[in-house]
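Overview (structure and organization)
Read off the chains here:
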Amino acid sequence: MRLSQDEIDLMRASFRQVATAPAVAATLFYDRLFAIAPEARPMFPPDMEAQGAKLISTLGIVVSQLHDMAGMQPVLAALAKRHVGYGVRPEHYALLAGPLEWMLARSLGERYTPELAAVWRKSFAGLTEAMITAAYPAEGSDRASA
Ligand code: HEM
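All of these numbers come straight from a predicted model, not from anything done at the bench.

**Quick notes on the site of the ligand**
Surveying the vicinity of the ligand reveals 18 residues, the closest of which are Phe 44, Thr 58, Arg 82, His 83 and Tyr 86. In the environment of the ligand, an oxygen atom lies 2.6 Å from a nitrogen or oxygen atom belonging to the side chain of Arg 82. Here His 83 contributes a side-chain N or O atom positioned 2.8 Å from a nitrogen atom of the ligand. When atoms are counted within 2 Å of each cavity's grid points, the one that captures over half of the ligand is the largest pocket. No other element matches the 4 residues that helix H3 (residues 49-64) contributes to the shell around the ligand.

Spelled out as structure tokens, the structure:
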């Protein structure tokens with residue numbers, strides 16, 4: 001995944017806005033995930049507060065390192081491999097795109113332009129591709145292009 005400097009700046013500015021209310025963003029995200037994929041709910045702990053904080057802070061790290069995704073690779077690989085232990089399968093990653101857009105649209109309001117949505121989609125696809133390829137080497141390349 002390659003992002004231009006403008007795209008990176010756009011992502012960072014939008015994430016700063018999301019991060020002003022991290023708990024709201026996390027709730028929007030997981031409520032939407034569990035509404036569209038109730039089967040994923042039992043994988044997570046009953047109390048989602050800590051999980052939500054971890055998700056938003058991890059997204060913050062990724063957004064801060066968008067200029068060096070290769071350097072992020074070991075961190076993403078380790079994160080993805082821990083997810084194998086949580087019972088996560090490659091096909092679960094596709095479930096997150098909709099909730100992410102839902103959360104961004106509501107957190108950013110009119111600042112969530114089609115251009116910004118496209119940059120987030122591209123970045124998130126790159127992130128999930130890197131995670132799937134690292135954790136499921138035999139199946140990652142098929143899924144990544146989906
Ligand atoms: C972009 C992809 C993802 C990111 C950035 C992400 C981020 C995180 C983070 C930071 C944690 C905290 C624990 C740790 O660091 O190991 C976590 C835990 C977890 N994630 Fe993800 N995750 C992603 C994809 C997924 C997917 C696709 C699923 C399945 C639907 C999932 C389910 C879980 C579960 C079940 C836990 C453990 C909860 C617990 O038992 O405490 N994650 N995730």
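After that view, the rundown keeps rolling.
**Topic: the environment of Arg 16**
Mapped onto the elements of the fold, Arg 16 is located in helix H1 (residues 5-18). By relative accessible area, Arg 16 is classed as exposed at 56%. In this structure, the C-alpha to C-alpha distance between Arg 16 and Ala 138, residues 122 residues apart in sequence, is 36 Å.

**Here we look at empty space enclosed by the protein**
For the coordinates displayed, the defined rule picks out 1 cavity of 30 Å³ or more. Computed from the structure, the largest cavity encloses a volume of approximately 70 Å³. Lining the largest cavity are Met 11, Leu 59, Val 62, Val 63, Leu 66, Leu 100, Trp 120, Ser 123, Phe 124 and Leu 127. Breaking the lining of the largest cavity down by element, the ones donating at least two residues are H3 and helix H6 (114-135). The element best represented in the lining of the largest cavity is H6, accounting for 4 residues. Partitioning the lining of the largest cavity into residue classes produces 9 nonpolar, 1 polar and no charged.

**A closer look at the pattern of salt bridges**
Counting across every chain of the model gives 3 salt bridges. Among the ionic pairs, Glu 7 bridges to Lys 122, the shortest N-O distance being 3.2 Å. In this pair, Glu 7 is assigned in helix H1 and Lys 122 in helix H6, connecting sequence segments 115 residues apart. Put simply, Glu 91 and Arg 89 hold a salt bridge, and the shortest N to O gap is 4.0 Å.

**Brief notes about the confidence of the model for the protein chain**
Predicted coordinates in areas of low pLDDT are best not read in detail. Scored by pLDDT, the protein chain has a mean of 93; 95% of the residues are at 70 or more. Taken element by element, the predicted model of the protein chain shows its lowest mean pLDDT in helix H7 (residues 137-144) (62) and its highest in helix H5 (residues 97-108) (98).

**Some details on H3**
The terminal C-alpha atoms of H3 lie 23 Å apart, and with 16 residues this matches the ideal 22 Å at 1.5 Å per residue to within 8%. Of the residues making up H3, those classed as buried are Gly 52, Leu 55, Ile 56, Leu 59, Val 62 and Val 63. The buried side chains of H3 occupy one side of the element, clustering within an arc of 120° when seen end-on. Elements in contact with the buried residues of H3: H1, helix H2 (22-36), helix H4 (69-85), H5 and H6.

Procedures and definitions
Residues numbered from 1 in each chain as written. Predicted model: local features only at pLDDT ≥ 70, side-chain atom pairs only at ≥ 80, totals over all residues. Heavy atoms only, no water. Near = heavy atom within 4 Å. Polar contact = N/O pair within 3.5 Å; in protein donor to acceptor, adjacent residues only side chain to side chain. 1 Å grid on protein atoms, 1.4 Å probe; cavity = no way out; pocket = protein on both sides within 12 Å on 5 of 7 lines; lining within 4 Å. Sits in = over half its atoms within 2 Å of the grid points. Helix = DSSP H or I, 4+ residues; strand = E, 2+ residues; numbered from the N terminus. Buried < 20%, exposed > 50% of the residue type's maximum accessible area, 1.4 Å probe, protein only. Points joined across faces, edges and corners; volume = space filled by probe spheres on them. Nonpolar A, V, L, I, M, F, W, Y, C, P; charged D, E, K, R; others polar. Salt bridge = Lys/Arg side-chain N within 4 Å of Asp/Glu carboxyl O. pLDDT = per-residue confidence, 0-100. Expected span 1.5 Å × (residues − 1). Arc of directions from axis to C-beta. Contact = heavy atoms within 4.5 Å.

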